[in-house]
Protein chains: 2
Amino acid sequence: MLATTIHAPFDIRLEDVPDPRILRPTDAVVRVTAACVCGSDLWRYRGVVPVADPSRIGHEFVGVVEEVGAEVGTVRPGDFVVAPFAYSCGVCASCRHGVQTSCVVGGYWAGPDREGNMVDGGQGEAVRVPLADGTLVALPEAPSEDLLPSVLTLTDVMGTGHHAAVRGGVHPGSTVAVVGDGAVGLCAVVAARRLGAERVVSFSRHPDRQALARRFGADDVIAARGDEGVAELRDLLGGGADVVLEAVGNLDAMEQAIAATRPGGTVGYVGVPNGIPHLSLRPLFGNNITLAGGVAPVRAYLDELLPEVLGGSIEPGLVFDLSLPLAEVTRAYEAMDRREAVKVMLRP
Amino acid sequence: MLATTIHAPFDIRLEDVPDPRILRPTDAVVRVTAACVCGSDLWRYRGVVPVADPSRIGHEFVGVVEEVGAEVGTVRPGDFVVAPFAYSCGVCASCRHGVQTSCVVGGYWAGPDREGNMVDGGQGEAVRVPLADGTLVALPEAPSEDLLPSVLTLTDVMGTGHHAAVRGGVHPGSTVAVVGDGAVGLCAVVAARRLGAERVVSFSRHPDRQALARRFGADDVIAARGDEGVAELRDLLGGGADVVLEAVGNLDAMEQAIAATRPGGTVGYVGVPNGIPHLSLRPLFGNNITLAGGVAPVRAYLDELLPEVLGGSIEPGLVFDLSLPLAEVTRAYEAMDRREAVKVMLRP
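As the structure is a prediction and not an experimental result, all values here were calculated from the model. (Residues numbered from 1 in each chain as written. Chains lettered and ligands numbered in written order. Predicted model: local features only at pLDDT ≥ 70, side-chain atom pairs only at ≥ 80, totals over all residues. Heavy atoms only, no water.)

A. The arrangement of the overall build of chain A in detail. When you go through chain A residue by residue, the secondary structure sums to 12 helices and 18 strands. For chain A, the C-alpha radius of gyration of 19 Å lies close to 20 Å, the compact-globule estimate for 348 residues. Projected onto its principal axes, the C-alpha coordinates of chain A cover approximately 60 × 40 × 40 Å. Each of the 348 residues in chain A was classed as buried or not, and the buried ones make up 59%. Within chain A, contacts between residues at least 6 apart in sequence are counted, and of these 67% link residues at least 24 apart. When the accessible surface of chain A is totalled, it reaches about 12,800 Å², and 50% of it is carbon and sulfur. Charge-centre separation for chain A: the mean point of 29 positive side chains lies 3 Å from the mean point of 43 negative side chains. (Helix = DSSP H or I, 4+ residues; strand = E, 2+ residues; numbered from the N terminus. Rg over C-alpha atoms; globule rule 2.2 N^0.38 Å. Buried < 20%, exposed > 50% of the residue type's maximum accessible area, 1.4 Å probe, protein only. Contact = heavy atoms within 4.5 Å. Areas by Shrake-Rupley, 256 points an atom, 1.4 Å probe, with all protein chains shown as cover. Lys, Arg positive; Asp, Glu negative; His and termini not counted. Charge placed at Lys NZ, Arg CZ, Asp CG, Glu CD.)

B. Representation of the interface of chain B and chain A in the model. Counting residues at the interface gives 38 residues for chain B and 38 residues for chain A. In total, chain B and chain A occlude about 2,900 Å² of area from one another, counting both sides; carbon and sulfur atoms represent 56% of this. When the area that chain B buries against chain A is broken down by residue, the three leading residues are B:Leu281, B:Phe285 and B:Asn288, summing to 26%. For the pair chain B and chain A, the interface holds zero salt bridges. Across the contact surface, chain B and chain A share 20 residue pairs in polar contact (both at pLDDT 80 or more). Breaking the side of chain B that touches chain A down by element, the ones donating at least two residues are helix H5 (157–168), strand E15 (261–269), helix H10 (282–286) and strand E16 (290–293) of chain B. Here the side of chain B that touches chain A is composed, by residue class, of 18 nonpolar, 16 polar and four charged. (Buried area = accessible area lost by both parts, 1.4 Å probe. Salt bridge = Lys/Arg side-chain N within 4 Å of Asp/Glu carboxyl O. Polar contact = N/O pair within 3.5 Å; in protein donor to acceptor, adjacent residues only side chain to side chain. Nonpolar A, V, L, I, M, F, W, Y, C, P; charged D, E, K, R; others polar.)

C. Main features of the UniProt feature "domain: Alcohol dehydrogenase-like C-terminal" (unreviewed entry) in chain A. UniProt tags residues 183–297 of chain A as "domain: Alcohol dehydrogenase-like C-terminal" (unreviewed entry). Across residues 183–297 of chain A, helical content stands at 41% and strand content at 23%; the span's end C-alpha atoms are separated by 17 Å. (UniProt positions renumbered as here; feature names shortened; annotations may be inferred.)

D. Geometry of the packing of H5(B) against helix H6 (residues 183–194) of chain B. Residues and elements named next belong to chain B. At their nearest, the axes of H5 and H6 sit 7 Å apart, and the two run at 55 degrees to each other. Between H5 and H6, the interaxial angle falls into the category oblique. Both H5 and H6 take part in a crossing whose hand is right-handed. Where H5 abuts H6, its residues Val157, Met158, Thr160, Gly161, His162 and Ala165 lie against Ala183, Val184, Cys187, Ala188, Val190, Ala191, Ala192 and Arg194. Along the lines of polarity and charge, the residues of the contact of H5 with H6 split into 10 nonpolar, three polar and one charged. (Axes fitted to C-alpha atoms, helices over the stretch in contact; angles between N-to-C directions. Parallel < 35°, antiparallel > 145°, perpendicular 65-115°, else oblique. Left-handed = near helix turned anticlockwise from the far one by under 90°.)

E. Representation of the sheet that holds strand E2 (residues 11–16) of chain A within the structure. All names here are of chain A. On the basis of which strands lie adjacent, the open sheet formed by three strands has the order E2-E1-E4 and antiparallel pairing. Only two strands of the sheet have a single partner each, and these edge strands are E2 and strand E4 (55–56). Where strand E1 (residues 2–8) meets E2, six bridges bridge the pair, whose relative direction is antiparallel. By the bridge assignment, alanine 8 is partnered in E2 with aspartate 11. Of the strands in this sheet, E1 and E2 are in contact with helix H12 (residues 329–337), which crosses E2 at around 155 degrees. (Pairing = 2+ DSSP bridges.)

F. Quick peek at the domain arrangement of chain A. All names here are of chain A. Entries for chain A in the domain assignment read domain 1 (2–156 + 298–347) and domain 2 (161–293). In this structure, domain 1 and domain 2 have C-alpha centres spaced 26 Å apart. Between domain 1 and domain 2, the contact holds 16 residues from the first and 20 residues from the second. Interface area, domain 1 with domain 2, both sides summed: about 1,600 Å², of which 63% is carbon and sulfur. On the domain 1 side of the contact with domain 2, Trp43, Tyr301 and Arg339 bury the most area, a combined 34% of that side's loss. One can count five residue pairs in polar contact (both at pLDDT 80 or more) joining domain 1 with domain 2. (Domains from an automatic or database assignment.)

G. Examining the environment of B:Ala231 more closely. All names here are of chain B. Mapping alanine 231 onto the fold places it in helix H8 (residues 226–237). Looking at alanine 231, the relative accessible area reads 40%, which means it is partly exposed. Spatially, the C-alpha atom of alanine 231 lies 9.3 Å from that of alanine 259, the residues being 28 residues apart in sequence.

Next comes the structure, spelled out in structure tokens:
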């Protein structure tokens, strides 16, 4: 079958790889209906995170179960399933605490499993899914083409934006600012609105993304960044926001997020902090600003968010502004890297 | 009158200074009944935080109101009052959010006020208290000598330990570990127990402090530090603690606290992070560990904690293991610095 691999920075290829097969009785094999490129894939694409050897890439996919191992009980061949960006057992202490990304036997797509064997990436024609019962969530039926993009966001960006808002403690009446106008930041706007935020402010300087932020429920959009952006926010709100959602992962964004938070407020951060080697605690300590977040356990939120997507009350799939056949995956990375697209869907 | 000053590292003096007087109509003058030396005073004493010029020191005191300005309405001469370690207006947005330490017109004892005038320190015979209405809390009557130490802890260490537990999210059923066996760490044990923690583990290698931790409600005490201490904790609890309270403020303690927290748990930190220039976000992000805390708004907790102290249901005053006349303040600092005393009370 065909799958995406990365060989070096800016060197993305679609290659023939062995077909996935059941290796353990808890595995499933899923034929990919749709996948996508994530902002976090760009860390390796751009060489910020080193690429050691050619390896599979991609961690967001939905598809149809083709085969299951003998111990798999919750999904069966023919089921349309959502795969969170981490696989997890569903029964260990971390999974029970709703932190499936810290599952003691789980892991990430396109990375090594606990025995050191590489797990498939999501940007391919099919995927072997370990721990299928803990990982996959089956839909009642395959979604329509209209709903497919929103369902696909539940593998990562919508769940991640939601995680920022949950960890940030957004609740009815909160004032919320969102740093980052990528797909996760935009989904964080959806999440904040959905959790009852009284006012949502998005930082964005791109007209298309500004428009989408407003469509998702942002009351205000601030184009300025850094100190200037924070000053505008403070003017708007009469002070810092109760909650600031950080969906970038570099130091400028984090410092802006902290500066935009009122004393006693919370930064909910979900941007992979590859661009934040170290952080000074001083501004957090001095103003009692909580730093909450991390790699989102999107599996934990599927039961809550999936019905809303299927019912159409939220439409996070609007973040996809480009859809390409898997054969054009190289073009997909280029479009993301150049910010020509917010988010690219890939169809095998 | 006499007041304590610091001239250089390890150079603490008791000196004649001008008597405090009402400068603004919102001021009060308080005659100090008891004060104390704080672990955080040792940052300057030890030269970790530079001492620029000779300056007043001390931020914990209780006493009797001697005089009030024309606009002071909540306390009057003769009232026995508790002074939180920060003064605050009580009406700005931060004060209303319960973050009085970020009051827009407030500040700290022995530091400059918003106009650059130095405010009195607490380790003296009397103190001018700015913003008396927002700052001071009057008791129904002067406390007995027995209760005095516990009342004195409400100026800082008990409120600070409580803040760690509140920000850490301790609730009935929580497993809690406490890093730091100084007065704040010990008070954090009191606070965690009081908030319903199911199990409280104290890290301490000093027999006296271990005994006090147990008296305050610690179920277990671990003498080992660092990785070894964390391993012992994980054995005890079958994993990390839901909440770890950090009451030291150096990098070793913070890293131990983070490592001792279960995925999805919270570090409630109140140790002044002078010993933590920068922190890596990686372990926090990867395991969704929330970092919550900061300089404690102890004023916010007085209404809740004072009745319990006066009723005797909590006895945080047991942290005082040495009481000296103010004239021996030099000896008080030495005893704290050498860890011969957990906490020293000073009586003018």
